[in-house]
Amino acid sequence: MMTLQRKCRVLIVGGGAGGISVAARLSRRLAPGEIAIVEPSSDHYYQPLWTLVGAGVVPKELTRRPEADYIPRGVEWIRDRVSELQPAANRVLTENGPSIAYDYLVLAPGMKLDWERVPGLRDALGKNGVCSIYDYEQAQTTWEMIQAFRGGTALFTMPSTPIKCAGAPQKIMYLAEETFRDEGIRDQTHVIGAFGGASIFGVAAFRPTLEKVLARKQIDFRPKHELVAVKAAEKKAVFRVSSEQESHEVEIGYDLLHVVPPQCAPDFVRKSPLATTDGPVPGWAKVDKHTLRSPDFGNVFALGDASSLPTSRTGAAVRKQAPVLVANLLAVMNQAEPSARYDGYASCPVVTSRKTVLMAEFDYEGKPTPSFPLDPTKERRSMYYLKRYGLPFLYWGLMLRGRA
Ligand code: FAD
């Protein structure tokens, strides 16, 4: 028989952007010892700056801080990894410790980067011009490779699966292109964006601006190109190209290859009774898109990248989700109906150069929801400074403290 060695009132899985934001807000409302967070990592990362690490603007160390500094007072930190969810028994299993029973569960474990799904990619990464900003160490390597590049084909990919920050694959492409110009090697360089989606950006209002950026930078944009293999020895990337009628494979040779890996929910979420079963990529923690509460298990909530919320997976979205989740969780704890509503707000600061950002903010309907009284479809220098300095301060100083 299994012994239950731990029990807590609210258990939060994942101490990233979502988990810590929720913990910080909840800790002001519950007694010390009532909340526990399971988080295996000793470090907390501000991933949105990895794009600027890849472009040599900031060192990678600026994006990492000790997790311990952000666990709120009175919250227990369980340094382990959840391996199984058993919502019918109000219990989770962990890799190394005893099972943990809870009254209420908040899921915020982020996404799995599925490098293995592209044969040849894992082995190729970090060598001979193959790089990715989707990893702390590799972001730095990306900048080294962009600097070492002396002309030829620079190839940038994006999968058709949901990914963290759908703008990041094009941001690094624009910044690399700017570097090639600065280095005087743009004439000898063919910049290709081979992306899995049908257009450069999912939200229609911002597309014309980004199509102009592609034209201005003379980037060869190829939609509906899904990376399916990397042949590192031949320096070739293999894509499945699909149209309504058919699909076929093409190979593109590269001298520099920036890859964004396919992404999905973590295995323990995908295999659980809490996972979605529909859609092209199933397995997300299923919650109501307005209340963030599970429709099947009323004591379970989820937010962030691992959730089924049909919006862009960003830290900006998490910032708006956290207060809604906490309000609804407290309501349910007090036997009331959850009444706070999340409208799908997400934001993607699309860095188009080392001086400009297109600040794309939108809701579930794809309607622009600008935070400033300015035309949101314009690239702006002020928004670049917000991305570089303002948003990191907002994240570390306010959001993770439950104050924004
Ligand atoms: P995370 O912050 O990733 O946290 C998940 C946590 O769960 C981690 O700490 C992890 O260690 C933990 N965990 C994982 N597995 C387990 C387990 N089994 N048990 C317990 N804990 C576990 N967002 C923006 O708003 N703007 C941007 O410009 C932007 N740019 C980005 C650029 C890049 C290159 C990347 C990678 C991301 C970017 N994002 C951006 C996205 C943003 O970082 C994420 O959307 C945000 O971090 C999601 O928060 P989360 O809490 O869901 O996941």
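From a predicted model like this one, the values you see are computed outputs, not experimental measurements.

Some remarks on the sheet that holds strand E21 (residues 357–362)
Phase 1 of the analysis: Spatial strand order, E20-E21-E22: 3 strands in an open sheet with antiparallel pairing. Looking at which strands have only one partner, the edges of the open sheet turn out to be strand E20 (346–351) and strand E22 (379–380).
Phase 2 of the analysis: Pairing geometry for E20 and E21, over 6 bridges, is antiparallel. If you follow Cys348 over to E21, its bridge partner there is Ala360.

Looking at the nonpolar core
Phase 1 of the analysis: In terms of nonpolar packing, the biggest core is built from 134 residues, with Val10, Leu105 and Phe201 touching the most fellow members.
Phase 2 of the analysis: The element best represented in this core is helix H8 (residues 315–333), accounting for 11 residues.
Phase 3 of the analysis: Here this core spans two domains, since at least three of its residues come from each of domain 1 (6–111 + 265–340) and domain 2 (114–263).
Phase 4 of the analysis: In contact with Leu105, other than residues within four places in its own chain, are Leu11, Val13, Leu85, Val92, Leu274, Asn299, Val300 and Phe301.

A closer look at the domain arrangement of the protein chain
Phase 1 of the analysis: According to the domain assignment, the protein chain consists of domain 1 (6–111 + 265–340) and domain 2 (114–263).
Phase 2 of the analysis: Each of domain 1 and domain 2 was reduced to a C-alpha centroid, and the two centroids are 30 Å apart.
Phase 3 of the analysis: If you sort the residues of domain 1 by the area they bury against domain 2, Trp50, Thr51 and Lys60 come out on top, with a joint share of 32%.
Phase 4 of the analysis: Taken together, the connections running from domain 1 to domain 2 amount to 1 salt bridge.
Phase 5 of the analysis: Across the pair Lys60 and Glu137 runs a salt bridge whose closest N-O atoms are separated by 3.8 Å.
Phase 6 of the analysis: On the surface where domain 1 and domain 2 come into contact, there are 3 residue pairs in polar contact (both at pLDDT 80 or more).

Some remarks on the sheet that holds strand E16 (residues 247–253)
Phase 1 of the analysis: On the basis of which strands lie adjacent, the open sheet formed by 3 strands has the order E14-E15-E16 and antiparallel pairing. In this open sheet, the two edge strands, each paired with only one partner strand, are strand E14 (225–231) and E16. On average, adjacent strands in this sheet sit at an angle of 25° to one another, irrespective of strand direction.
Phase 2 of the analysis: When E14 meets strand E15 (residues 236–242), the two strands line up antiparallel, connected through 6 bridges. Pairing of Lys231 across the sheet is with Lys236, part of E15.

Notes on the pattern of salt bridges
Phase 1 of the analysis: A full pass over the atoms with the stated rule returns 21 salt bridges.
Phase 2 of the analysis: Here Asp296 makes a salt bridge to Lys286, at a shortest N to O gap of 3.9 Å. With a gap of 10 residues between them, Asp296 in the loop between helix H7 (267–270) and strand E19 (300–302) and Lys286 in the loop between H7 and E19 connect regions that are remote in the sequence.
Phase 3 of the analysis: Using a relative accessible area of 47% as the deciding quantity, one classes Asp296 as partly exposed.
Phase 4 of the analysis: Each of Glu177, Arg181, Arg186 and Lys217 takes part in a single network of salt bridges with overlapping partners.

Focus: the site of the ligand
Phase 1 of the analysis: Gly18, Glu39, Asp305, Gly315 and Ala316 are the nearest of the 33 residues found near the ligand.
Phase 2 of the analysis: Gln47 has a polar side-chain atom sitting 3.0 Å from an oxygen atom of the ligand.
Phase 3 of the analysis: Within the contact set of the ligand, an oxygen atom lies 2.9 Å away from a backbone nitrogen or oxygen of Ala316.
Phase 4 of the analysis: Contact with the protein chains covers 91% of the free accessible surface of the ligand, which is 1,000 Å².
Phase 5 of the analysis: Contributions of two or more residues to the shell around the ligand are made by helix H1 (17–27), helix H5 (168–182) and H8.
Phase 6 of the analysis: For the shell around the ligand, the leading source of residues is H8, giving 3 residues.
Phase 7 of the analysis: Among the residues making up the shell around the ligand, the classes are represented as 16 nonpolar, 10 polar and 7 charged.
Phase 8 of the analysis: Taken domain by domain, the makeup of the shell around the ligand includes at least three residues from each of domain 1 (6–111 + 265–340) and domain 2 (114–263).

Here is what the cut-offs are and how they apply
- Residues numbered from 1 in each chain as written.
- Predicted model: local features only at pLDDT ≥ 70, side-chain atom pairs only at ≥ 80, totals over all residues.
- Heavy atoms only, no water.
- Pairing = 2+ DSSP bridges.
- Helix = DSSP H or I, 4+ residues; strand = E, 2+ residues; numbered from the N terminus.
- Core = buried A, V, L, I, M, F, W, Y, C linked by side-chain atoms within 4.5 Å.
- Buried < 20%, exposed > 50% of the residue type's maximum accessible area, 1.4 Å probe, protein only.
- Domains from an automatic or database assignment.
- Contact = heavy atoms within 4.5 Å.
- Buried area = accessible area lost by both parts, 1.4 Å probe.
- Salt bridge = Lys/Arg side-chain N within 4 Å of Asp/Glu carboxyl O.
- Polar contact = N/O pair within 3.5 Å; in protein donor to acceptor, adjacent residues only side chain to side chain.
- Axes fitted to C-alpha atoms, helices over the stretch in contact; angles between N-to-C directions.
- Near = heavy atom within 4 Å.
- Areas by Shrake-Rupley, 256 points an atom, 1.4 Å probe, with all protein chains shown as cover.
- Nonpolar A, V, L, I, M, F, W, Y, C, P; charged D, E, K, R; others polar.

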